[in-house]
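# Observations on chain architecture
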Amino acid sequence: MTILITGAAGFIGANFALDWLAGSDESVVNLDKLTYAGNLETLASLRGDARHIFVQGDIGDGELLASLLAKHQPRAVLNFAAESHVDRSIHGPEDFIQTNIVGTFRLLESVRAYWSGLPAEGKAAFRFLHVSTDEVYGSLSATDPAFTEQHRYEPNSPYSASKAASDHLVRAWHHTYGLPVLTTNCSNNYGPYHFPEKLIPLMIVNALAGKALPVYGDGMQVRDWLYVKDHCSAIREVLAHGRVGEVYNVGGWNEKPNIEIVNTVCALLDELRPKADGSSYRSQISYVKDRPGHDRRYAIDAGKLERELGWKPAETFDTGIRKTVQWYLANPEWVANVQSGAYRDWVQTQYVETAAT
Ligand code: NAD
Ligand code: TYD
């Protein structure tokens, strides 16, 4: 048996593929465009492993999809591929519309054509799992209850609007055509192989390089944080036992303001890699101009997933963030290799050309 995963050279998809093949002999076809965020280095341990079939390509390429589906006959397609960074979506939304909306549409059409031709048993067992985000629900006030699956969609950034659109397409392909879909909406992930444009890896990498730690606005925006391997275990659970057509929120029951995250990273680095001059990495914190339209608070109620499928995160924030900082300290080559020319251009656009407050 085989599953097809899109975007499995990215942060979450790669963690998923590594964990999947560590626990199962079911092979993985990995379709990834290798944008700036795709990195085959992350999958280096699978080199020469016949269970991992990598194909460079776009989820919007219907012809490629048709041939891959016909050749490998997957029992499931898991869609991780996306443009995923909010700040980039503000600077240039076009790629987000193309991949997250048009790409998901074309992927759904290719998968529908393949699924329609399966024999009855294969058709009934097939699943299309769409990996999405809590950001589609919009922003909460400090006292609002956490997002449930019933919360209305109120996306505020080009990124979250494009993911919201893709979720709606997935829903419609189930409702209209009967495609057996599952959707997960997860909070902020962190852990190994996280591209250092996102908050936690950026803070670790900048701290170690002696650079400023840029905190947007007042640093009091709240996110729920989940260790990436817990997200992967939730997806495996939903794929195996989720009810077709249902949406499952995934979260860590772990809301924290950004400044607390940054302080925790600094404290761990102070302990694990103290600075020669004895000062704290905290001294590198620098408050900068806020993100336009910055959502104030996200919080996830993952109760449905726990009640229906018995899933709970294995890591607390304390254990997960310690593992993450230790991983970055142990893997400086991985970090150096992702800091390519394209990454340096991004840092120039986002942090150097925009004036600090
Ligand atoms: P990422 O940016 O690290 O990786 C995305 C991957 O998709 C990359 O390997 C990239 O090359 C690939 N890709 C991009 N466009 C493609 C295309 N058109 N065709 C094929 N491949 C393409 O993202 P991530 O953080 O791993 O997120 C994976 C998924 O999880 C996304 O759908 C994202 O919206 C969702 N999600 C992320 C988080 C988070 O905190 N990172 C939280 C909840 C949900
Ligand atoms: P990010 O990791 O980009 O995830 P998202 O925007 O999808 O939640 O950002 C997490 C939070 O950290 C968000 O509130 C923005 C903030 N942030 C900073 O304060 N400084 C930074 O340099 C970055 C990248 C993010």
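These lines cover the structure that appears in this document, whether it is placed above or below. A quick note: this is a predicted structure, and the numbers were derived from the prediction, not measured.

## Topic: the site of ligand 1
Close contacts around ligand 1 come from 28 residues, with Ile12, Asp32, Ser84, Tyr159 and Lys163 the closest. Here an oxygen atom of ligand 1 sits 2.6 Å away from a polar atom, N or O, in the side chain of Ser84. At 3.0 Å, a side-chain N or O of Thr99 approaches a nitrogen atom of ligand 1. Calculation on ligand 1 without its partners gives an accessible area of 840 Å², and the protein chains cover 97% of this total. The set of elements that each furnish at least two residues to the shell around ligand 1 consists of α1 (11-23), β5 (127-133), α6 (158-177) and β7 (188-190). Per element, the largest residue contribution to the shell around ligand 1 is three residues, and it comes from β5. When the residues that make up the shell around ligand 1 are grouped by side-chain class, the tally is 12 nonpolar, 12 polar and four charged.

## Some words on the nonpolar core
Ile3, Ile5, Phe16, Leu78, Leu129 and Leu305 are the most contacted members of the largest nonpolar core, which has 34 residues in total. Listing elements by their share of this core, those giving two or more residues are β1 (2-6), α1, β4 (76-79), β5, β6 (181-186), α8 (228-241), β10 (247-250) and α10 (303-309). If you tally residues by element for this core, the top one is α1, at seven residues. In contact with Ile5, not counting residues within four places along its chain, are Phe16, Ala17, Val28, Val29, Asn30, Leu31, Leu78 and Phe80.

## What about the site of ligand 2?
The local shell around ligand 2 holds 17 residues, among which Glu135, Pro214, Arg291, His294 and Tyr351 are the closest. Contact between ligand 2 and Leu199: an oxygen atom at 2.9 Å from a main-chain N or O atom of the residue. In the environment of ligand 2, an oxygen atom lies 2.9 Å from a nitrogen or oxygen atom belonging to the backbone of Tyr216. Contact with the protein chains covers 97% of the free accessible surface of ligand 2, which is 510 Å².

Criteria and thresholds
- Residues numbered from 1 in each chain as written.
- Chains lettered and ligands numbered in written order.
- Predicted model: local features only at pLDDT ≥ 70, side-chain atom pairs only at ≥ 80, totals over all residues.
- Heavy atoms only, no water.
- Near = heavy atom within 4 Å.
- Polar contact = N/O pair within 3.5 Å; in protein donor to acceptor, adjacent residues only side chain to side chain.
- Areas by Shrake-Rupley, 256 points an atom, 1.4 Å probe, with all protein chains shown as cover.
- Helix = DSSP H or I, 4+ residues; strand = E, 2+ residues; numbered from the N terminus.
- Nonpolar A, V, L, I, M, F, W, Y, C, P; charged D, E, K, R; others polar.
- Core = buried A, V, L, I, M, F, W, Y, C linked by side-chain atoms within 4.5 Å.
- Buried < 20%, exposed > 50% of the residue type's maximum accessible area, 1.4 Å probe, protein only.
- Contact = heavy atoms within 4.5 Å.

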